[in-house]
Amino acid sequence: MSLFTQEYLDMIKEMGSLLDGNSKWIQGYKGYISAIKTNDSIIKDARRKFNSSENLDIYLSVSKAKEANSRTVTFDVRYKGQSVGEIFVRKSGVSIRFKTGNNEKYYSGYSPMLSSIPETEERDWKNSEEARCFREYFADSPRRKNGNLEHNFESQLLEQFLKDRSDDKYLLNIQPIRLLEKGYFQMPTPITASEAMKGKIEYSGENGRGIDILARQGIGNGVCLTVIELKDECKKEEPPEKAIMQAIAYATFLQKLLRTPGANPEGWWKFFGFNGPIPAKLKIRTVIAMPEGDYNDTSFGGEILPVGESNDCLELHYLYFTAEGDTITGISDTSLNG
């Protein structure tokens, strides 16, 4: 047990009560997984119709996957984890809408040509001069104006986790879960838990926050669903042993999702990349990731938290990485060894 074990258990209990008291999410998540399955071929076909570009990643949210149809499929374009545009795939072609306001706000030297384009207008992704300028701008690796690195670190960890070769991979036996194996995504939750370390969580329905990184981690039959909450700095006001409360809240939701018949848990289990039935004893690895610093704590690493009266549990872990400026250079310490 760690000094915060009781607080962790209280968070699990509070999450259970919050979800039991707001059961509307059950039908919502059943609808999500049903629509994703229905739209599978439409989305995959749409993704084949365009290429990305250097330094740009393609994301697809669960809500956009649900809305996808034969007329329009919408993808998010991100640079180092920050949304910079949207790509629309239609029968008439592929177009992009630029996030002009945010791009000017966050990045220096943004092209005057792009700044003049209203965010409501689209340009042809393959052939327009504006799209070419957009791709070239981000291919030159522009620096962000402010110091918020969370999206950037998230993007780098996802890229690292996706690697197949062990000789250049920081952490072995881990793969991020991608939406239909085509794009990065953040698993949505019906809660807001940004102040979970203070014991505050809220039911937010469709406006709930997403999980930073959802992955599968482990070897053989020991592969576990893994929830990773990422912070861009290690500071006294938000030490890892407290910050992990947010990951505990999200992991508790996933446990509830996978044990609620009305939400189609088997469909979600398959979507997360697992074969066979959901285990009778489900273990979800629950991780806080942040740069190494003066306040890193390891006391909770490997701690097992029971989830209510079920046979399920959360297994707590830490992941501390080294960074030079805005670039992750390695993992200095982690309890995710299996």
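Caption draft 1: Examining the pattern of salt bridges more closely. Under the defined criterion, the tally for this structure stands at 23 salt bridges. The salt bridge involving Lys44 is made with Asp40; its shortest N-O contact spans 3.2 Å. Here Asp40 and Lys44 lie together in helix α3 (residues 40-47), a separation of four residues that amounts to about one turn. Looking at Lys44, the relative accessible area reads 26%, which means it is partly exposed. Judged by its relative accessible area of 23%, Asp40 is partly exposed. Here Arg78 and Asp76 are joined by a salt bridge, their closest N and O atoms 2.8 Å apart. Accessibility classification places Arg78 together with Asp76 in one group, the buried group. Salt bridges here are not isolated pairs; linked through shared partners, they connect Asp45, Arg48 and Lys49.

Caption draft 2: Region of the structure containing the packing of helix α1 (residues 5-20) against helix α9 (residues 240-257). Where α1 meets α9, the axes come as close as 9 Å, and the angle between the chain directions of the two elements is 40 degrees. The pairing of α1 with α9 is recorded here as oblique in orientation. The handedness of the crossing between α1 and α9 is right-handed. For the pair formed by α1 and α9, the contact residues are Glu7, Tyr8, Met11, Ile12, Met15, Leu19 and Asp20 on the first element and Glu241, Lys242, Ile244, Met245, Ile248, Ala249, Thr252, Phe253 and Lys256 on the second.

Caption draft 3: Representation of α1 in the model. Over its 16 residues, α1 extends 23 Å from the first C-alpha to the last, a length consistent with the 22 Å expected when each residue adds 1.5 Å. Turning to α1, its buried residues are Thr5, Tyr8, Met11, Ile12, Met15, Gly16, Leu18 and Leu19. Buried residues of α1, viewed axially, fall in a sector of 165 degrees; they line one side. Facing away from the buried side of α1 by more than 90 degrees, the exposed set consists of Lys13 and Asp20. Of the surrounding secondary structure, the elements contacted by the buried residues of α1 are α2 (24-38), β7 (191-192), β8 (202-203), α9, β12 (304-306) and β13 (313-324).

Caption draft 4: Main features of the environment of Leu282. With respect to the element layout, Leu282 can be found in the loop between α10 (265-271) and β11 (283-291). Linking Leu282 and Ser310, residues 28 residues apart in sequence, is a C-alpha distance of 9.2 Å. If sequence neighbours within four positions are ignored, Leu282 has contacts with Leu258, Arg259, Trp269, Asp312 and Cys313.

Caption draft 5: Representation of the nonpolar core. Counting residues in each nonpolar core, the largest one holds 87 residues, and the members touching the most others are Phe134, Leu254 and Phe272. Look past the residues within four positions of Phe134 in its chain and what remains in contact with it is Leu56, Val77, Val84, Ile96, Phe98, Asn103, Tyr110, Leu114 and Trp125. With 19 residues, the next largest nonpolar core counts Leu149, Leu171, Tyr184 and Ile213 among its residues.

Caption draft 6: A look at the sheet that holds strand β4 (residues 93-98). Pairing is antiparallel in the open sheet, where five strands are placed in the order β1-β2-β3-β4-β5. Of all strands in the sheet, those with a lone pairing partner are β1 (56-59) and β5 (123-124), marking the two edges. Two strands pair when backbone bridges link them, and strand β3 (residues 82-90) and β4 are joined in this way by six bridges, in the antiparallel orientation. Paired with Val89 across the two strands is Val94, which belongs to β4. Running at roughly 55 degrees to strand β2 (residues 72-79), α3 makes contact with β1, β2 and β3 of the sheet. In the packing of helix α7 (residues 129-139) onto the sheet, contacts are made with β1, β2, β3, β4 and β5, and the angle to β4 comes to roughly 60 degrees.

Caption draft 7: Fine view of the layout of surface pockets. Size it by volume and the largest pocket reaches roughly 1100 Å³. Lining the largest pocket are 44 residues; nearest its centre among them are Gln186, Pro188, Gly208, Arg209 and Gly210. Of all the secondary structure elements, the ones that give two or more residues to the lining of the largest pocket are α2, α4 (62-67), β2, β3 and α8 (150-162). Broken down by element, the lining of the largest pocket gets its largest block of residues, five residues, from α2. For the lining of the largest pocket, a count of residues per class yields 11 nonpolar, 17 polar and 16 charged. Of the pockets and cavities examined, the second largest pocket occupies roughly 590 Å³. What lines the second largest pocket is a set of 20 residues, among which Leu180, Lys270, Phe271, Phe272 and Gly273 lie closest to the centre. Listing elements by their share of the lining of the second largest pocket, those giving two or more residues are α2, α3, β6 (174-176) and α10.

Caption draft 8: A look at α2. Counted at 1.5 Å a residue, the expected span for α2 with its 15 residues is 21 Å, and the 22 Å between its end C-alpha atoms agrees. Taken together, the buried positions of α2 are Trp25, Ile26, Tyr29, Tyr32, Ile33, Ala35 and Ile36. Those residues of α2 that are buried are in contact with α1, α3, α4, β8, α9 and α10.

Caption draft 9: Geometry of the side chain of Thr74. Checked against the element boundaries, Thr74 lands in strand β2. Aside from chain neighbours lying at most four places away, what touches Thr74 is Leu60, Lys64, Glu86, Ile87 and Phe88.

Caption draft 10: Fine view of the packing of aromatic side chains. Enumeration according to the criterion identifies 25 aromatic pairs in this entry. When the centroid spacing of 6.4 Å and the interplanar angle of 70 degrees are considered together, the rings of Trp125 and Phe134 count as edge-to-face. For the pair Trp125 and Phe134, one class covers both residues: buried. Pairing Tyr318 with Tyr320 gives two aromatic rings, centres 5.2 Å apart and planes at 15 degrees, and the pair type is stacked.

Cut-off values and rules
Residues numbered from 1 in each chain as written. Predicted model: local features only at pLDDT ≥ 70, side-chain atom pairs only at ≥ 80, totals over all residues. Heavy atoms only, no water. Salt bridge = Lys/Arg side-chain N within 4 Å of Asp/Glu carboxyl O. Helix = DSSP H or I, 4+ residues; strand = E, 2+ residues; numbered from the N terminus. Buried < 20%, exposed > 50% of the residue type's maximum accessible area, 1.4 Å probe, protein only. Axes fitted to C-alpha atoms, helices over the stretch in contact; angles between N-to-C directions. Parallel < 35°, antiparallel > 145°, perpendicular 65-115°, else oblique. Left-handed = near helix turned anticlockwise from the far one by under 90°. Contact = heavy atoms within 4.5 Å. Expected span 1.5 Å × (residues − 1). Arc of directions from axis to C-beta. Core = buried A, V, L, I, M, F, W, Y, C linked by side-chain atoms within 4.5 Å. Pairing = 2+ DSSP bridges. 1 Å grid on protein atoms, 1.4 Å probe; cavity = no way out; pocket = protein on both sides within 12 Å on 5 of 7 lines; lining within 4 Å. Points joined across faces, edges and corners; volume = space filled by probe spheres on them. Nonpolar A, V, L, I, M, F, W, Y, C, P; charged D, E, K, R; others polar. Phe/Tyr/Trp six-rings, centres within 6.5 Å; stacked < 30°, edge-to-face > 60°.

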